[in-house]
Amino acid sequence: MLTYSINSKWYEKFAAFYLAFASILQTYGYGGFLNFSRLCSFVLIFVVICVCMKKATFSKVPTSLSAYFYWLFLVSVLSCTSLADAIPLGQIEKYLLIVAIFSFVNYNKFLPIYKFVSYVSIAYLYIQLIVFHLSGVHITGIIGFLPLDLADVISVEDFYDLHTRENARVSSFFSEPALFVQYVIPLFIIELFNASKFKDWIKVIIVFISILATESGNSLFLLLLVGVSYVVYILRYKSVIWRILLPIAIIGLFIGGQEYLKTDSAERLLERQDELSNDIEYTSGFLRIFRGYYVYEEFTPIEKVIGVNNLTILDERIKTCKAAFTFKENDYYANTFQKFLLNTGAIGVVFFLIIMFGLMRNNTPAGRTIAFVYFGSSFIAASYLAPIMFLYLYIAYMEKKSLNRMQ
């Protein structure tokens, strides 16, 4: 770990608010540098630069995460086609943001903010569900008077239609249900592994139902990962009474699951699972899980080892891959694991594994599960160097640090 020190300043609160709100703010802005989430990140990066100029230093940046970025910078130089490509300004920006988050955010101050945002979002999601069931009308959580930054992926009209049409899925204040699920899963894990009183279990149930209510294709998979981790936790750390109650709870969940499968919500959710096919076609499942590997297949042997952090070369590989017809203009979508693989090759994947397994070792049960779930989600969701990735890594790392402090 890179160990440094810095005085407590106003930007600690700003950084905590940024980490808690960035996943919502990224929906808004005027594109590029004027994305609202990105504008907030520039404030933190500016502070980092100012602190550097004063020859002060930072703290808490995990060594493995820093090492990955150094490799990413090197790959940019190795795969550049022009002098401008050799300077990866976007990745440098992300690294400075990570430095700011790990150095400025106070975990004890951040956690209440994160929980507040999560529970307000969950409450609004329940309001969306109630209004729909009473009136048949879907109300959106998107703030209408703010400009939408949709990165030309979808028109504003289509975006609002996606949120208000008859078969729309609820997502609270988030741009899509999957993002809501990814955001509140760490809260679910924290509440679950720290539940001891009746009111704690009520919170767990409230969050659990909200996740299922989104009908997101990610929700069942991520909840399954949490469930596996929690069963292991009970078998390793809980008393005999818990181990006796475990089979009863599993049977109860199975019966409850059978009843849930009879609902319209479950039917729609299972329809989305049917899209999980490796057949080369323009479906959500293929794009999210399989498409990136067809691009990697076109890499040269050396590119497969070190990666390609250059859009010009990547465009050439996309045009020759079997799934080329599924790519739109300026479409570089790939899940998180595939991004590590494409941008930084097999070596980058090794760094990613070191980061993730490092977070799973010697961590609290909640911190270990958050890292485990993020690793699992990396194969089905896109969050590479995005606010949601920083959220998971930060919480998992701080949970690990809190355990080491207690030992």
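Look above for the structure.
The rules behind the values
Residues numbered from 1 in each chain as written. Predicted model: local features only at pLDDT ≥ 70, side-chain atom pairs only at ≥ 80, totals over all residues. Heavy atoms only, no water. Helix = DSSP H or I, 4+ residues; strand = E, 2+ residues; numbered from the N terminus. Buried < 20%, exposed > 50% of the residue type's maximum accessible area, 1.4 Å probe, protein only. Contact = heavy atoms within 4.5 Å. Areas by Shrake-Rupley, 256 points an atom, 1.4 Å probe, with all protein chains shown as cover. Patch = residues over 30% accessible without salt bridge, like charges linked within 9 Å, V, L, I, M, F, W, Y side chains within 5 Å. Salt bridge = Lys/Arg side-chain N within 4 Å of Asp/Glu carboxyl O. Expected span 1.5 Å × (residues − 1). Polar contact = N/O pair within 3.5 Å; in protein donor to acceptor, adjacent residues only side chain to side chain. Core = buried A, V, L, I, M, F, W, Y, C linked by side-chain atoms within 4.5 Å. 1 Å grid on protein atoms, 1.4 Å probe; cavity = no way out; pocket = protein on both sides within 12 Å on 5 of 7 lines; lining within 4 Å. Points joined across faces, edges and corners; volume = space filled by probe spheres on them. Nonpolar A, V, L, I, M, F, W, Y, C, P; charged D, E, K, R; others polar. Axes fitted to C-alpha atoms, helices over the stretch in contact; angles between N-to-C directions. Parallel < 35°, antiparallel > 145°, perpendicular 65-115°, else oblique.

Visitor: Can you lay out the overall build of the protein for me, pointing to particular residues and giving the numbers?
Guide: Secondary structure assignment for the protein yields 18 helices and zero strands. Per-residue burial for the protein yields a buried fraction of 49% across its 407 residues. In the protein, once contacts between residues fewer than 6 apart in sequence are set aside, the share between residues at least 24 apart is 73%. Roughly 19800 Å² of accessible area belongs to the protein as shown, and the carbon and sulfur atoms make up 66% of that amount.

Visitor: Break down unusual backbone geometry for me, with residues and values.
Guide: In this structure, N330 takes a positive phi of about 55° despite not being glycine. Tracing the sequence through the fold places N330 in the loop between helix 15 (311-320) and helix 16 (336-360). Judged by relative accessible area, which is 63%, N330 ranks as exposed. Non-glycine residue L385 carries a positive phi angle of around 55°. Structurally, the position occupied by L385 is in the loop between helix 17 (365-377) and helix 18 (387-406).

Visitor: Quick one: what's the story with a nonpolar patch on the surface, residue by residue and with numbers?
Guide: On the surface, a cluster of nonpolar side chains totalling about 530 Å² of accessible area is made up of F198, I202, I205, I206, F208 and I209. Here I209 shows up in helix 8 (residues 198-213).

Visitor: Tell me about helix 5 (residues 107-135), and please be specific about residues and values.
Guide: At 3.6 residues per turn, the α-helix brings residues three or four places apart onto the same side. Look at helix 5: 41 Å from first C-alpha to last across 29 residues, which is about the 42 Å you get at 1.5 Å a residue. Its side-chain oxygen at 3.0 Å from the backbone nitrogen of N108, N106 defines the N-terminal cap of helix 5. Among the residues trailing helix 5, G136 stands out with phi positive, at a value near 80°.

Visitor: Provide a residue-level description of the nonpolar core, including the pertinent values.
Guide: Counting 112 residues, the largest nonpolar core has F110 and Y394 as its most contacted members. Looking at which element gives the most residues to this core, the answer is helix 7 (residues 177-193), with 12 residues. With residues up to four places along the chain from it excluded, the contact list for F110 reads A16, L19, A20, V105, L391, Y394 and I395.

Visitor: I'd like to hear about empty space enclosed by the protein, residue by residue, with values.
Guide: Throughout the structure, instances matching the rule amount to two cavities of 30 Å³ or more. Estimated volume of the largest cavity: approximately 60 Å³. Secondary structure elements with two or more residues in the lining of the largest cavity: helix 13 (291-296), helix 15 and helix 16. The leading source of residues in the lining of the largest cavity is helix 16, at three residues. Its residues placed into classes, the lining of the largest cavity shows eight nonpolar, two polar and one charged. Within this model, the second largest cavity holds a volume of roughly 40 Å³. In terms of lining residues, the second largest cavity is bounded by Q128, H138, I139, T140, H163, R169, V170 and S171. Within the lining of the second largest cavity, the residues separate by chemical class into two nonpolar, five polar and one charged.

Visitor: Which residues make up helix 8, and what values do they have?
Guide: Under the 1.5 Å per step criterion, the end-to-end length of helix 8 is 23 Å for 16 residues, consistent within 8% with the ideal 22 Å. Residues of helix 8 that are buried include every one of D200, V204, V207, S210, I211, L212 and A213, and no others.

Visitor: Describe the pattern of salt bridges, listing the residues and the values that go with them.
Guide: Overall, the coordinates contain four salt bridges when judged by the stated rule. The partner of E93 in a salt bridge is R38, with the nearest N and O atoms 2.7 Å apart. Of this pair, E93 sits in helix 4 (residues 89-104) while R38 sits in helix 2 (residues 36-53), and the two are 55 residues apart along the sequence. What makes R38 partly exposed here is its relative accessible area of 25%. Residues E303 and R317 are paired through a salt bridge, measuring 2.7 Å at the closest nitrogen-oxygen approach. Placement of E303 in helix 14 (residues 301-306) and of R317 in helix 15 is noted, with a sequence separation of 14 residues between them. A single burial state applies to E303 and to R317, both of which are buried. In this structure, a network of salt bridges that share partners links the residues E303, E316 and R317.

Visitor: Tell me what's going on with the packing of helix 8 against helix 9 (residues 217-237), and back it up with residues and numbers.
Guide: In the contact formed by helix 8 and helix 9, the axes pass within 9 Å of each other and the chain directions differ by 150°. Here helix 8 lies roughly antiparallel to helix 9, going by the angle between them. Along its contact with helix 8, which presents W201, F208, I211 and L212, the element helix 9 presents S219, L220, L223 and Y230. Split into classes, the residues belonging to the contact of helix 8 with helix 9 amount to seven nonpolar, one polar and no charged.

Visitor: How would you summarise the side chain of N35 if you had to cite specific residues and measurements?
Guide: Along the chain, N35 falls in the loop between helix 1 (10-25) and helix 2. Only 2.9 Å separates the side chain of N35 from the backbone oxygen of Q26, close enough to count as a polar contact. A distance of 3.3 Å separates the side chain of N35 from the backbone oxygen of Y28, its partner in a polar contact. With residues up to four places along the chain from it excluded, the contact list for N35 reads L25, Q26, Y28, G29, Y30 and D149.

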